[in-house]
Amino acid sequence: VQLQACGGGLVQAGGSLRLSCAASGRTFSSYGMGWLRQAPGKEREFVAAISNNGGGTYYADSVKGRFTISRDNAKNTVYLQMNSLKPEDTAVYFCAADDAWGKIIATMATHWGKGTQVTVSS
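The following refers to the structure shown. (Residues numbered from 1 in each chain as written. Predicted model: local features only at pLDDT ≥ 70, side-chain atom pairs only at ≥ 80, totals over all residues. Heavy atoms only, no water.)

**Quick notes on the overall build of the protein**
Secondary structure summary: the protein contains one helix and 11 strands in total. Put simply, the protein runs from its N terminus to its C terminus through helices and strands in the order β-β-β-β-β-β-β-β-β-α-β-β. Taking 122 residues into account, the globule formula puts the C-alpha radius of gyration at 14 Å, and the protein, at 13 Å, falls close to it. Taking all 122 residues of the protein together, the buried fraction comes to 43%. Once local pairs closer than 6 in sequence are excluded, the contacts in the protein between residues at least 24 apart make up 56%. Of the roughly 6100 Å² of accessible surface on the protein, a fraction of 48% belongs to carbon and sulfur atoms. Computed over 12 positive and 8 negative side-chain charges, the separation of the two mean positions in the protein equals 5 Å. (Helix = DSSP H or I, 4+ residues; strand = E, 2+ residues; numbered from the N terminus. Rg over C-alpha atoms; globule rule 2.2 N^0.38 Å. Buried < 20%, exposed > 50% of the residue type's maximum accessible area, 1.4 Å probe, protein only. Contact = heavy atoms within 4.5 Å. Areas by Shrake-Rupley, 256 points an atom, 1.4 Å probe, with all protein chains shown as cover. Lys, Arg positive; Asp, Glu negative; His and termini not counted. Charge placed at Lys NZ, Arg CZ, Asp CG, Glu CD.)

Pasting the structure below:
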């Protein structure tokens, strides 16, 4: 599966952004999907994941209550709605896919897309 993320940009603290990740290839609905991020000088970290049918979601504590992950299997797309953004959310955001969505949570996903930059100004 090939992944292409978009929707990043510059936003003020307290603002919102929605990231999208379009997947190409077969059987999108068989993959767990997720988002991870990497800030300058830091390791890549898990943000959110969703099961293949959308019935299960999981979030990092740092984004819980502010970010929402969702997917549309008919459009082969996964989304990350980010509200109440903080300067510490500034990072390159990557979408990822794996048969086992637990591997996404462990930052060990098999498939990765190119990142999209999110910058939150104070």
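Don't stop here, the text continues.
**Structural notes on the environment of K114**
Topologically, K114 is positioned in the loop between strand 10 (111–112) and strand 11 (116–121). As a C-alpha pair, K114 and A5 span 109 residues in sequence and 6.6 Å in three-dimensional space. Apart from the residues lying within four places of it in its own chain, the contact partners of K114 are L3, A5, Y93 and F94.

**Considering the pairing of strand 3 (residues 17–24)**
Pairing between strand 1 (residues 2–6) and strand 3: five bridges, direction antiparallel. Opposite A5, over in strand 3, you have C21 as the bridge partner. (Pairing = 2+ DSSP bridges.)

**A word on the pattern of salt bridges**
Going through the model one piece at a time under the given rule, you end up with five salt bridges. In this structure, D61 engages K64 in a salt bridge whose closest nitrogen and oxygen atoms are separated by 3.1 Å. What makes D61 exposed here is its relative accessible area of 65%. With relative accessibility at 49%, the residue K64 sits in the partly exposed group. Salt-bridge contacts for R66 lead to D89; the nearest nitrogen and oxygen are separated by 2.7 Å. Of this pair, R66 sits in the loop between strand 6 (57–59) and strand 7 (67–72) while D89 sits in the loop between strand 8 (77–82) and strand 9 (91–98), placing them 23 residues apart in sequence. (Salt bridge = Lys/Arg side-chain N within 4 Å of Asp/Glu carboxyl O.)

**Considering the environment of P87**
Checked against the element boundaries, P87 lands in the loop between strand 8 and strand 9. Separated by 32 residues in sequence, P87 and T119 place their C-alpha atoms 7.3 Å apart. When near neighbours in sequence (up to four residues on either side) are disregarded, P87 contacts A13, V120 and S122.

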